[in-house]
Amino acid sequence: MDQVNDSNFPFLRLPSEVRNKIYRYLLSTKHTKRISALGYEECVPTFVKLCPSHRYEFHTTILLGNHQLYGEAASILYGENLFICLATNLKAIQRLCYNVGLKPVSYGTRAAKWKHIAMSIVFSQDGDDSKKTLRCVFACDDLHLLCRGFLGFGMNDGNGLAFLQDLRFTVTIHGSSEAQIHALRYGTPSASSKLCRLLEPFTKLHSIGRFTIIGLFNGEYRAYIAGRVTGSAPNLESAIEGIVALKDEGNVAFCKNQDALAIAKYEAALISLLTSFWDHATIQTGEFANLMRSNAACILYFQLQSNLAATLLRTGRFVDCHYWAGHAFAQTATEKAMVHRKPAEYSELAILQALASKGMGEIERAAKEMRTALIFESENATARKELVDLEAEVEVKKNQDLAFAMGG
């Protein structure tokens, strides 16, 4: 049917820029991403807050309207989104995806028929590509999760270096125009280019046994990507310096009341901290627990959680604030024998928890947590004043409940 029934709403009479905006809300990965419980939260609880599991809800029925609708909507679905087809003989690929909360857009025979693939990845664990057993399609925006999964997977199985060195990747770039091919062959791609979106996530990998890129583009850039992927793990001290820099940027944003930016910086630093230690635990020692018990790591982890909790409290995100303050408090409790912390630090965490509980309406819990704060810092005037107010609220609530129970 080539004609559209406009009796309800003349959609095609809308300006093209308005129609494209609607198509993006229906079909782009940016707007169709939905948080979902995928399961990896049980594996690494801290990542629940940092990297929640997600899936995409593409509303593709709009493609069935007529030729014009199909052409316009498909240009968004396949032109602005970048999809990656992965073929592997790694039997544990589904568990690997599960561990990092990654849900492919398509699996199996449906993935094999997927059109408009921007990049194909073939990888095997033993170098024999003839044993490919599974195909799946991912959104390009999730490739960094897949790379994180490889690094974490080796750690969880206890054979990190051998696992990564046994991997063989062949990456093929598809669908470049003549102008794009000329630019890629003779120039360095910009950070926002299609090529960078497709290949930069691979730079999170290292120690891969073999990594081959097929496609016409700048040889220096090709060598840079392959060198990063097959090179040794980055220096641990350098990783720490980068995380500290993110934390400092978050502190500056916090002082300027740029809370959204501060939260983004603290969360990025936490993700980098955890994944960096995965990398080095996997490659260097295989002892994640021992590495995370190092003084530098523990102090940094504690500071990031505390700063994040304080920022979340200021923005009214009480549930998240309570989580991070509680997580940091539990960490300090398990590390007292090794990392000396001042009583004021314990008190500050307990106050954050109490104020978050108060914000959630949990007055009795808030009073209990404020008493905990005073155990560590009995002369804290702020905590004392807050406790008086909280106990008064608790008493009022008890009287109201009693009056209700007695029939008013």
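Caption draft 1: Representation of the overall build of the chain within the structure. When its secondary structure is counted, the chain shows 19 helices and eight strands. Residues classed as buried in the chain amount to 44% of the 408 residues present. Sequence separation of at least 24 residues holds for 72% of the intrachain contacts in the chain that already meet a minimum separation of 6. Approximately 20700 Å² of the chain is accessible, and the part contributed by carbon and sulfur atoms is 54%.

Caption draft 2: Geometry of the UniProt feature "coiled-coil region" (unreviewed entry) in the chain. Look at the UniProt record and you will see "coiled-coil region" (unreviewed entry) annotated at residues 373–400. Between the first and last C-alpha atoms of residues 373–400 the distance is 28 Å; the span itself is 86% helix and 0% strand.

Caption draft 3: Examining the pairing of strand E6 (residues 134–139) more closely. In terms of residue burial, E6 counts as a mostly covered element, since five of its six residues are buried. In this sheet, E6 lies alongside strand E3 (residues 83–88) in antiparallel orientation, the contact comprising six bridges. Along E6, the bridge assignment pairs Ile84 with Phe138. Bridge analysis of strand E4 (residues 106–107) against E6 gives two bridges, and the strand direction is antiparallel. Note on E6: the bridge partner recorded for Ser106 is Val137.

Caption draft 4: Local environment of the sheet that holds E4. Reading across from one edge, E4-E6-E3-E5-E7-E8 is the order of the six strands in this open sheet, with mixed pairing throughout. The strands lining the two open edges of the sheet, one partner per strand, are E4 and strand E8 (210–214). Two elements, strand E5 (residues 119–124) and strand E7 (residues 168–173), share six bridges in a ladder whose sense is antiparallel. Of the residues in E7, the one forming a bridge with Val122 is Thr170.

Caption draft 5: Representation of unusual backbone geometry. One non-glycine residue, Ser207, lies in the positive phi region at around 65 degrees. Summarising the element assignment, Ser207 is placed in the loop between helix H10 (194–199) and E8. Even without being a glycine, Asn257 presents a positive backbone phi close to 60 degrees. Note that Asn257 resides in the loop between helix H12 (236–255) and helix H13 (259–285).

Caption draft 6: How the structure looks around the pattern of salt bridges. Under the defined criterion, the tally for this structure stands at twelve salt bridges. Residues Arg34 and Glu57 are paired through a salt bridge, measuring 3.6 Å at the closest nitrogen-oxygen approach. Linking Arg34 in strand E1 (residues 33–35) with Glu57 in the loop between strand E2 (54–56) and helix H4 (67–77), this pair joins segments that are 23 residues apart in sequence. With relative accessibility at 29%, the residue Arg34 sits in the partly exposed group.

Caption draft 7: Representation of the nonpolar core in the model. Within the largest apolar cluster, 42 residues are counted, with the highest numbers of intra-cluster contacts made by Met119, Leu146, Phe150, Phe169 and Phe202. Residue contributions to this core peak at six residues, all from helix H7 (residues 143–157). Not counting chain neighbours up to four residues away, the residues in contact with Leu146 comprise Leu86, Ile93, Leu96, Cys97, Leu102 and Phe138.

Caption draft 8: Expanded view of H4. Taken as a whole, H4 has its buried residues at Leu69, Glu72, Ala73, Ala74, Ile76 and Leu77. Measuring from the backbone nitrogen of Gln68 back to the side-chain oxygen at the start of H4 gives 3.1 Å, which picks out Asn66 as the cap.

Caption draft 9: Expanded view of the packing of aromatic side chains. Enumeration over the complete set of coordinates arrives at 13 aromatic pairs. Measuring from ring centre to ring centre gives 5.3 Å for Phe83 and Trp114, while their planes differ by 65 degrees; the resulting arrangement is edge-to-face. Here the residue Phe83 occupies a position in strand E3, and Trp114 occupies one in the loop between helix H6 (108–112) and E5, the gap between them amounting to 31 residues. Given a relative accessible area of 0%, Phe83 falls into the buried group. Three or more aromatic residues link up through ring pairs in this structure, and these residues are Tyr56, Phe58, Phe83 and Trp114. Of note, Arg314 hangs over the ring of Phe254, and the distance from its end group to the ring centre comes to 3.9 Å.

Caption draft 10: Focus on helix H19 (residues 381–405). Between its first and last C-alpha atoms H19 spans 36 Å; for 25 residues at 1.5 Å apiece the expected length is 36 Å, and the two agree. Within H19, burial applies to Ala383, Leu387, Leu390 and Val394. Buried residues belonging to H19 abut helix H17 (343–359) and helix H18 (363–376). Between the side-chain oxygen of the N-cap and the backbone nitrogen of Thr382 there are 3.1 Å, and the N-cap of H19 in question is Asn380.

Cut-off values and rules
Residues numbered from 1 in each chain as written. Predicted model: local features only at pLDDT ≥ 70, side-chain atom pairs only at ≥ 80, totals over all residues. Heavy atoms only, no water. Helix = DSSP H or I, 4+ residues; strand = E, 2+ residues; numbered from the N terminus. Buried < 20%, exposed > 50% of the residue type's maximum accessible area, 1.4 Å probe, protein only. Contact = heavy atoms within 4.5 Å. Areas by Shrake-Rupley, 256 points an atom, 1.4 Å probe, with all protein chains shown as cover. UniProt positions renumbered as here; feature names shortened; annotations may be inferred. Pairing = 2+ DSSP bridges. Salt bridge = Lys/Arg side-chain N within 4 Å of Asp/Glu carboxyl O. Core = buried A, V, L, I, M, F, W, Y, C linked by side-chain atoms within 4.5 Å. Polar contact = N/O pair within 3.5 Å; in protein donor to acceptor, adjacent residues only side chain to side chain. Phe/Tyr/Trp six-rings, centres within 6.5 Å; stacked < 30°, edge-to-face > 60°. Lys NZ or Arg CZ within 6 Å of the ring centre and 35° of its normal. Expected span 1.5 Å × (residues − 1).

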